[in-house]
Amino acid sequence: MTDDTALWLDRGGDLRVGPAATPVPEAHQILVRTEAVAINPVDWIVQTIGSLIYAWLSRPAVLGEDVAGEVVAVGSGVTRFRVGDRVLGLAVGTEKDRNRPEEGAFRSSTLLSEDLAAPIPEGMAAADAVVLPLTLSTAATGLFEQGQLGLRLPTTADAAGERESVVIWGAATAVGLNAVQLAVAAGYDVVATASPTNAALLLELGAREVLDRRDAAVVDRVVAALAGRRLAGVLAIGTGSTARGVEIATRADGAKRVASASTAVSFERIRPGRTAVPRALPSMLRMAGVEVPVRMRARRAGVRVSTVWGSALRHSAVGPAIWRDFLPAALAEGRYRALPEPLVAGTGLEAVPDALELQRRGVSARKVVVTL
Ligand SMILES: NC(=O)c1ccc[n+]([C@@H]2O[C@H](COP(=O)([O-])OP(=O)(O)OC[C@H]3O[C@@H](n4cnc5c(N)ncnc54)[C@H](OP(=O)(O)O)[C@@H]3O)[C@@H](O)[C@H]2O)c1
């Protein structure tokens, strides 16, 4: 018998809370009693069209990447955490090489890799800490992985000399707020685009300039803001951002690199249900129709466009550099802020489906969170 529960995703996108066996940690895993989870766009995307884009995912599945809670058991090889520690961490249960419901976030206790977890600083609520895991990891992957922008890590000492510039397009997204902080911590000059309502926050985080992403002349303005400086790369976040990134990298001096975190078409209007995949096909075709010409334009201009997979850092040195060597101290010392601020949508796994809907309808510089 078990007291554990999970939010199970069935075929067709139905979600139901039901019993779940208590997982047993592997050597380098910790078992965390979940206190809070956060919602990412990928959760409702997989709920809706997962059978197409996450075809490997067996059902019933457990979604969710962001977990904060208390360690209740540790694997035999775990060195960084003990029972009773409070942690935030990245759940990877839906990844192709894991595909394990025991490792999804939306359950009362879950397994995390000790390499993808960090202590919650004294006095920080789980609901505040849980905003970070996937968006921090995605930002770090896009900025620091060699196959992406390949920037210097924030753990690398002393950025001497003229600071290179990084453009963060879509900087008020959850990924963007993390990217700005990471790029600043790594010693880069940051030029950001966002809605003007979020400009003050981005300047506070260290961006040098924040330009209105909807301004018809925004690309010209970004290029002007880069004048006399060397571009280290563009991190493109948000629907349509890759095309803008390619234009900027084509015109600015420096590295011709764009790391693309978002698709060219958004799926937020496709509601979950058994007919979701056929309903999504026109959007898929439209996406190919937009993305192929962008990639061709990039190739002609000598701009390398790479696609970001937010958890890729778990297979490289970037994972420990961020999760072990940078985040714990930076968070505890207040050099890194847990952003965006949480928007608590409810309590209990039963509240997650409505929270998914809330995130799908759109938020601005807020992270939808559910406490358990
Ligand atoms: N590749 C990956 O592994 C990965 C992982 C995580 C997320 N993502 C993607 O990254 C994007 C952001 O995710 P998130 O969780 O950070 O989102 P989010 O916090 O829900 O994004 C909300 C923000 O998006 C901004 N926004 C809306 N439309 C935009 C557009 N067309 N261009 C730029 N910004 C736009 C708004 O900014 P303003 O306030 O400025 O209007 C709003 O503050 C999504 O496309 C998501 O699918 C990818």
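The text that follows walks through the structure, step by step, so that each part is easy to find. Being a predicted model, the structure only gives us computed values, none of them experimental. (Residues numbered from 1 in each chain as written. Predicted model: local features only at pLDDT ≥ 70, side-chain atom pairs only at ≥ 80, totals over all residues. Heavy atoms only, no water.)

1. Some details on the environment of Gly-362
Looking at where Gly-362 falls in the secondary structure, it is placed in the loop between α10 (352–361) and β16 (366–371). When the C-alpha positions of Gly-362 and Pro-342 are compared, they lie 14 Å apart, and in sequence the two are 20 residues distant. (Helix = DSSP H or I, 4+ residues; strand = E, 2+ residues; numbered from the N terminus.)

2. Overview of helix α6 (residues 218–225)
One turn of the α-helix equals 3.6 residues, which is why residues spaced by three or four share an orientation. Buried within α6 we find Val-218, Val-219, Val-222, Val-223 and Ala-225. Down the axis, α6 shows its buried residues gathered within 160° of arc, on one side only. Residues of α6 that are buried make contact with β9 (165–169), β10 (189–194), β11 (209–212) and α7 (241–251). (Buried < 20%, exposed > 50% of the residue type's maximum accessible area, 1.4 Å probe, protein only. Arc of directions from axis to C-beta. Contact = heavy atoms within 4.5 Å.)

3. Some points on the sheet that holds strand β12 (residues 231–236)
What the six strands build is an open sheet, ordered β11-β10-β9-β12-β13-β14; its pairing is parallel. This sheet does not close on itself; its edge strands, each paired only once, are β11 and β14 (304–307). Shown here is a sheet whose adjacent strand axes are inclined to one another by a mean of 20°, direction ignored. As paired elements, β9 and β10 share five bridges and run parallel to each other. When the bridges of β10 are listed, Val-166 appears paired with Val-190. Of the strands in this sheet, β9, β10 and β11 are in contact with α6, which crosses β11 at around 165°. (Pairing = 2+ DSSP bridges. Axes fitted to C-alpha atoms, helices over the stretch in contact; angles between N-to-C directions.)

4. Concerning the environment of Asp-212
If you trace the backbone, Asp-212 turns up in strand β11. By relative accessible area, Asp-212 is classed as partly exposed at 28%. Linking Asp-212 and Ser-195, residues 17 residues apart in sequence, is a C-alpha distance of 5.3 Å. If near-sequence neighbours (up to four positions away) are discounted, Asp-212 is found in contact with Ala-194, Ser-195, Pro-196 and Val-218. Reaching out from Asp-212, the side chain makes a polar contact with the backbone nitrogen of Arg-214 at a distance of 2.9 Å. (Polar contact = N/O pair within 3.5 Å; in protein donor to acceptor, adjacent residues only side chain to side chain.)

5. Focus on the packing of helix α3 (residues 133–144) against helix α4 (residues 174–185)
Where α3 meets α4, the closest approach of the two axes is 8 Å, and the angle between their N-to-C directions is 55°. As the angle between them shows, α3 and α4 are arranged oblique. Here α3 runs over α4; the crossing is right-handed. Facing Thr-135, Leu-136, Thr-138, Ala-139, Ala-140, Leu-143 and Phe-144 of α3, the residues of α4 in contact are Ala-174, Val-175, Asn-178, Ala-179, Leu-182 and Ala-183. Tallied by class, residues from the contact of α3 with α4 come to ten nonpolar, three polar and no charged. (Parallel < 35°, antiparallel > 145°, perpendicular 65-115°, else oblique. Left-handed = near helix turned anticlockwise from the far one by under 90°. Nonpolar A, V, L, I, M, F, W, Y, C, P; charged D, E, K, R; others polar.)

6. Considering the sheet that holds strand β1 (residues 5–9)
Ordered in space as β2-β1-β4, the three strands form an open sheet in which the pairing is antiparallel. Edge positions in the open sheet fall to β2 (15–19) and β4 (61–62), since each of these has one partner strand only. Pairing analysis gives five bridges linking β1 to β2, with the strands arranged antiparallel. Along β2, the bridge assignment pairs Trp-8 with Arg-16.

7. Comments concerning the nonpolar core
Within the largest apolar cluster, 62 residues are counted, with the highest numbers of intra-cluster contacts made by Leu-143, Ile-168 and Leu-182. Ranked by residues supplied to this core, first place goes to helix α9 (residues 318–332) with seven residues. If you count residues domain by domain, this core takes at least three from each of domain 1 (5–132 + 338–371) and domain 2 (136–307). Not counting residues within four places of it along the chain, the set of residues in contact with Leu-143 comprises Leu-149, Gly-150, Leu-151, Val-166, Ile-168, Ala-179, Leu-182, Ala-183 and Leu-235. Ranked by size, the runner-up nonpolar core spans 44 residues in total, among them Val-46, Ala-105, Ala-276 and Val-370. (Core = buried A, V, L, I, M, F, W, Y, C linked by side-chain atoms within 4.5 Å. Domains from an automatic or database assignment.)

8. Here we look at the site of the ligand
Close to the ligand lie 25 residues, the nearest being Ser-195, Asn-198, Arg-213, Ser-262 and Gly-310. One of the side-chain N or O atoms of Ser-195 is found 2.5 Å from an oxygen atom in the ligand. Between the ligand and Gln-359, the relevant distance is 2.9 Å, taken from an oxygen atom to a side-chain nitrogen or oxygen of the residue. Computed on the free molecule, the ligand has an accessible area of 940 Å², of which 81% lies beneath the protein chains in the complex. (Near = heavy atom within 4 Å. Areas by Shrake-Rupley, 256 points an atom, 1.4 Å probe, with all protein chains shown as cover.)

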